[in-house]
Amino acid sequence: MISVHVAVVLKQLADMMELKGENPFKVNAYRRAARAVENSRTPLDSLKGPEELPGIGKGTAAVIREIMTTGRSEQLEKIKSQLPSGLPELLTIPGLGPKSIHVLYRELGITGVDELQQAVEAGRVRHLSGFGEKKERNLAEGIRQRNKRPQRILLVQALPLAERLQERIEKIPHVKRVEPAGSLRRRKETVKDLDFVVATEQPRQVAEAITAIPEVTKVVNHGETKVSILIEMELVIPVDIRLVRPQQFVSALHHFTGSKEHNVRIRQRAKELGWKVSEYGIHEPATDRDFTFQDEQEMFVKLGLPYMEPEIREDRGEMDVPAERLPRLLQRNEYRGDLHLHTRWSDGIATVEEMAVAAKKRGYSYIAITDHSQFLKVAGGLTADDLKRQREEIDRVNEKIAGITVLAGVEMDILPDGRLDYPDDVLQELDVVIASIHSGFQQEKARLTRRIIGAMENPYVHIIAHPTGRLINRREPYALDLDEVFQTAKETGTILELNANPFRLDLNEQYLKRGKEEFGLTFSINTDAHSPETLSHIGMGLAIARRGWLEADDVINTYSLEQLQERLAQKWGG
DNA sequence: GCCGTTTTCGGCCCGACTGTTTTCAGTCG
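Conventions we followed
Residues numbered from 1 in each chain as written. Chains lettered and ligands numbered in written order. Predicted model: local features only at pLDDT ≥ 70, side-chain atom pairs only at ≥ 80, totals over all residues. Heavy atoms only, no water. Helix = DSSP H or I, 4+ residues; strand = E, 2+ residues; numbered from the N terminus. Rg over C-alpha atoms; globule rule 2.2 N^0.38 Å. Buried < 20%, exposed > 50% of the residue type's maximum accessible area, 1.4 Å probe, protein only. Contact = heavy atoms within 4.5 Å. Areas by Shrake-Rupley, 256 points an atom, 1.4 Å probe, with all protein chains shown as cover. Lys, Arg positive; Asp, Glu negative; His and termini not counted. Charge placed at Lys NZ, Arg CZ, Asp CG, Glu CD. UniProt positions renumbered as here; feature names shortened; annotations may be inferred. Axes fitted to C-alpha atoms, helices over the stretch in contact; angles between N-to-C directions. Parallel < 35°, antiparallel > 145°, perpendicular 65-115°, else oblique. Left-handed = near helix turned anticlockwise from the far one by under 90°. Domains from an automatic or database assignment. Buried area = accessible area lost by both parts, 1.4 Å probe. Salt bridge = Lys/Arg side-chain N within 4 Å of Asp/Glu carboxyl O. Polar contact = N/O pair within 3.5 Å; in protein donor to acceptor, adjacent residues only side chain to side chain. Pairing = 2+ DSSP bridges.

Caption draft 1: Inspection of the overall build of chain A at higher detail. Across its full length, chain A carries 22 helices and 17 strands. Taken over the C-alpha trace, chain A has a radius of gyration of 27 Å; the compact-globule value for 574 residues is 25 Å, and the two agree within 12%. Based on the C-alpha atoms only, the size of chain A along its principal axes is roughly 75 × 60 × 50 Å. Within the span of chain A, comprising 574 residues, buried residues form 52% of the whole. A separation of at least 24 residues holds for 67% of the contacts in chain A among residues at least 6 apart in sequence. Of the roughly 26,600 Å² of accessible surface on chain A, 48% is carried by carbon and sulfur atoms. Within chain A, one finds 81 positive and 87 negative side-chain charges whose respective centroids are separated by 6 Å.

Caption draft 2: Examining the UniProt feature "domain: Polymerase/histidinol phosphatase N-terminal" (unreviewed entry) in chain A more closely. In the numbering adopted here, UniProt assigns the feature "domain: Polymerase/histidinol phosphatase N-terminal" (unreviewed entry) to residues 337-416. In residues 337-416, the share of helix is 34% and the share of strand is 26%. The end C-alpha atoms are 31 Å apart.

Caption draft 3: How the structure looks around the packing of helix α1 (residues 2-20) against helix α2 (residues 24-39). Between α1 and α2, the least distance of the axes is 8 Å, while the angle of their chain directions is 165°. Comparing their axes, α2 and α1 come out roughly antiparallel. Taken as a pair, α1 and α2 cross one another with a handedness that is left-handed. On α2, the residues that touch Ser 3, Val 6, Ala 7, Leu 10, Lys 11, Leu 13, Ala 14, Asp 15, Met 17 and Glu 18 of α1 are Lys 26, Val 27, Tyr 30, Arg 31, Ala 33, Ala 34, Val 37 and Glu 38.

Caption draft 4: Broad picture of the domain arrangement of chain A. Split into domains, chain A comes out as domain 1 (2-148), domain 2 (153-244), domain 3 (256-325) and domain 4 (332-573). Between the C-alpha centres of domain 2 and domain 4 there is a distance of 37 Å. Of the residues lining the interface, nine residues belong to domain 2; the matching set on domain 4 comes to 11 residues. At the boundary of domain 2 with domain 4, total buried surface from both sides reaches about 850 Å², with 69% on carbon and sulfur atoms. A per-residue breakdown of the area domain 2 buries against domain 4 is headed by Leu 154, Val 156 and Glu 189, which together make up 60% of the total. Applying the counting rule to domain 2 against domain 4 returns one salt bridge. If you look at where domain 2 meets domain 4, you find two residue pairs in polar contact (both at pLDDT 80 or more). At three residues, the largest contribution of residues to the side of domain 2 that touches domain 4 is made by helix α9 (residues 155-170).

Caption draft 5: Representation of the sheet that holds strand β9 (residues 281-284) in the model. In spatial order, the strands read β8-β9-β10; together these three strands make up an open sheet with antiparallel pairing. What marks the edges here is a single partner per strand, and that holds for β8 (276-278) and β10 (289-291). Averaged over all adjacent pairs, the angle separating strand axes in this sheet is 25°, with direction ignored.

Caption draft 6: Seen up close, the pattern of salt bridges. Scanning the model with the defined rule gives 41 salt bridges in all. Note that Asp 15 is salt-bridged to Arg 31, the shortest N-O span being 2.8 Å. You can see Asp 15 sitting in helix α1 and its partner Arg 31 sitting in helix α2, a full 16 residues away along the chain. On the accessibility criterion, Asp 15 (27% relative accessible area) is partly exposed. Close ionic contact of Glu 509 with Arg 316 constitutes a salt bridge, the shortest N to O distance being 2.9 Å. Residue Glu 509 is located in helix α20 (residues 509-519), and its partner Arg 316 is located in the loop between α14 (296-302) and β11 (337-341); the two are separated by 193 residues in the primary sequence. Here Glu 509 and Arg 316 have matching classes, each one buried.

Caption draft 7: Examining the sheet that holds strand β5 (residues 216-222) more closely. Read from one edge to the other, the open sheet built from five strands follows the order β2-β4-β7-β6-β5, with strand pairing classed as mixed. Each edge of the open sheet is held by one strand with a lone partner, namely β2 (175-180) and β5. The mean inter-strand angle of the sheet, taken between neighbouring strand axes irrespective of direction, is 25°. Contacting β2, β4 (194-200), β6 (226-232) and β7 (236-244), α9 crosses the sheet at an angle of about 20° to β4. This element, helix α12 (residues 249-257), spans β2, β4 and β7 of the sheet and lies at about 170° to β4.

Caption draft 8: Quick peek at unusual backbone geometry. Backbone torsion omega between Gly 258 and Ser 259 reads -5°, so that peptide bond is classified as cis. Mapped onto the secondary structure, Ser 259 falls in the loop between α12 and α13 (260-272). Omega for the bond connecting Asp 506 with Leu 507 falls within 30 degrees of zero, at 10°, which places this linkage in the cis form. Of note, the phi angle at Arg 187 is positive, near 65°, even though the residue is not glycine. Judged by relative accessible area, Arg 187 falls into the partly exposed class, the value being 28%. Although it is not a glycine, His 466 sits at a positive phi angle of roughly 20°. Here His 466 shows up in the loop between β15 (463-464) and α19 (482-492).

Caption draft 9: Looking closely at the packing of helix α7 (residues 113-121) against helix α8 (residues 133-148). Between α7 and α8, the shortest axis-to-axis distance is 10 Å and the interhelical angle comes to 145°. With respect to the hand of their crossing, α7 and α8 are arranged in left-handed fashion. Contacts from Val 113, Leu 116, Gln 117, Ala 119 and Val 120 of α7 reach α8 at Glu 136, Leu 139, Ala 140, Ile 143, Arg 146 and Asn 147.

Spelled out as structure tokens, the structure:
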């Protein structure tokens with residue numbers, strides 16, 4: 001985890017140097033170094049030296065070594081002592097960048113958001129060079145927006161909104177094609193806004209029509225080829241729409257799908273080949289020719305690259321590994337069964353049979369019923385005796401319904417003191433034992449880590465559910481030494497879950513990638529569904545798994561029932 | 001600060017939009 005800390009410090013250093021007005025290329029060099037450290041398949045302490053990573057030379061390597069030995073950077077401390085501590089937070093105000101912050105600080109002595117707000121209200125900002133009345137008003141609005149702190153929108157909420165809006169735009173005359181792009185297309189766990197690319201020969205007319213959509217509550221920007229609006233459907237969400245000619249559509253779609261970092265690498269690549277990539281196509285200056293494409297595959301081929309799915313376009317190695325090392329990402333139809341489901345026996349709303357029928361409809365070959373254990377009284381946790389009676393019901397369902405196998409399992413609490421909620425002789429009787437934490441979130445890192453590791457060391461515990469306990473926008477992950485957890489998972493053959501609940505998505509994509517690449521771990525993707533409807537959340541889980549570079553072999557839910565049982569049994573072998 | 005089958009110096013991804021300027025800087029994605 002040392003790499004994570006080093007990357008954080010390097011990014012801080014870059015931010016502070018930017019505010020100080022350092023050479024932007026120097027600032028960028030530190031940002032690139034931070035990314036290189038973050039995305040390296042090999043952790044820093046396993047390298048001969050930081051210089052092995054691309055973009056890291058003598059200077060940055062020395063800073064990294066310092067952070068690795070002392071935990072801090074003297075250079076950063078020094079800049080921090082020169083610049084007021086409130087400046088970096090000014091960067092979070094939309095429309096305000098390092099240059100303007102520098103002027104505000106130099107001319108008005110502004111060192112924080114509150115002071116800026118006062119200066120704006122007093123009308124002192126408009127007189128600065130490069131500022132004016134309009135800019136001052138925009139700043140006031142920017143501060144308001146920042147203070148509202150718009151939460152990022154969950155992917156599961158954004159997807160249906162995007163679909164509805166897409167249908168709206170498709171109906172506008174002269175629209176030839178419209179597709180969502182941006183982080184939504186890359187399937188990030190949350191999105192800030194929706195991006196669309198529209199193909200049309202009549203951009204002005206179409207732009208007009210878009211601003212006239214009834215749900216549009218505000219037109220933020222309205223240029224020749226770009227419209228920014230606020231849409232109010234179930235919630236208010238910013239939407240950016242780019243209008244291009246039909247032959248430019250594919251390049252524009254690629255460009256606005258991003259990520260920004262991926263695009264930078266793509267353009268560098270093109271430049272090496274003597275071309276220029278923009279949202280309009282590939283330009284060859286030598287011959288003054290322009291290339292456009294029928295689909296994205298064609299564009300990647302032109303650049304001599306293998307096709308990269310939107311989910312991995314993050315500059316997290318996809319541009320650096322050889323084509324054969326790019327993952328064959330997990331597909332929806334490879335997923336054969338959900339291993340973490342609740343029923344009325346605890347806090348679910350459906351019966352075992354109803355869950356089995358719904359799962360069969362989705363084409364699954366098996367499921368596991370894993371209700372809560374006795375400790376979780378608020379959720380109606382089951383006693384050992386309840387489990388026996390539930391097993392009888394599961395047996396009956398298995399006899400009644402053909403074509404799907406229902407496994408008997410449990411989601412057992414790891415108690416606050418680290419003990420497990422059932423003795424081994426109870427666990428031994430079950431097909432699938434999931435262990436998880438629902439209490440003592442505030443405990444210290446060592447203690448929480450020990451609780452999870454203790455559970456993994458039990459020979460009957462197959463899976464650790466939602467390992468970090470985070471809830472997106474609601475609760476931070478609890479303190480955990482994940483390196484230790486990953487190491488123990490590897491040694492004991494314990495499987496870690498990617499919980500597909502849209503608020504959890506836990507493990508997150510970066511942990512999945514690291515767990516796979518550094519530790520060779522196997523994962524299980526489960527919905528934790530409490531109703532037949534929420535079985536559909538598996539889509540979110542699959543999306544995050546793909547963003548974590550997972551392939552079918554990395555996920556036990558793609559195994560046949562036989563393979564699955566064999567893999568679960570490996571736990572006994574240690 | 002980093003980097004080099006054109007380079008050890010002079011570059012470093014590209015374009016739209018806004019608001020401030022009268023030809024462009026700053027910000028954003």
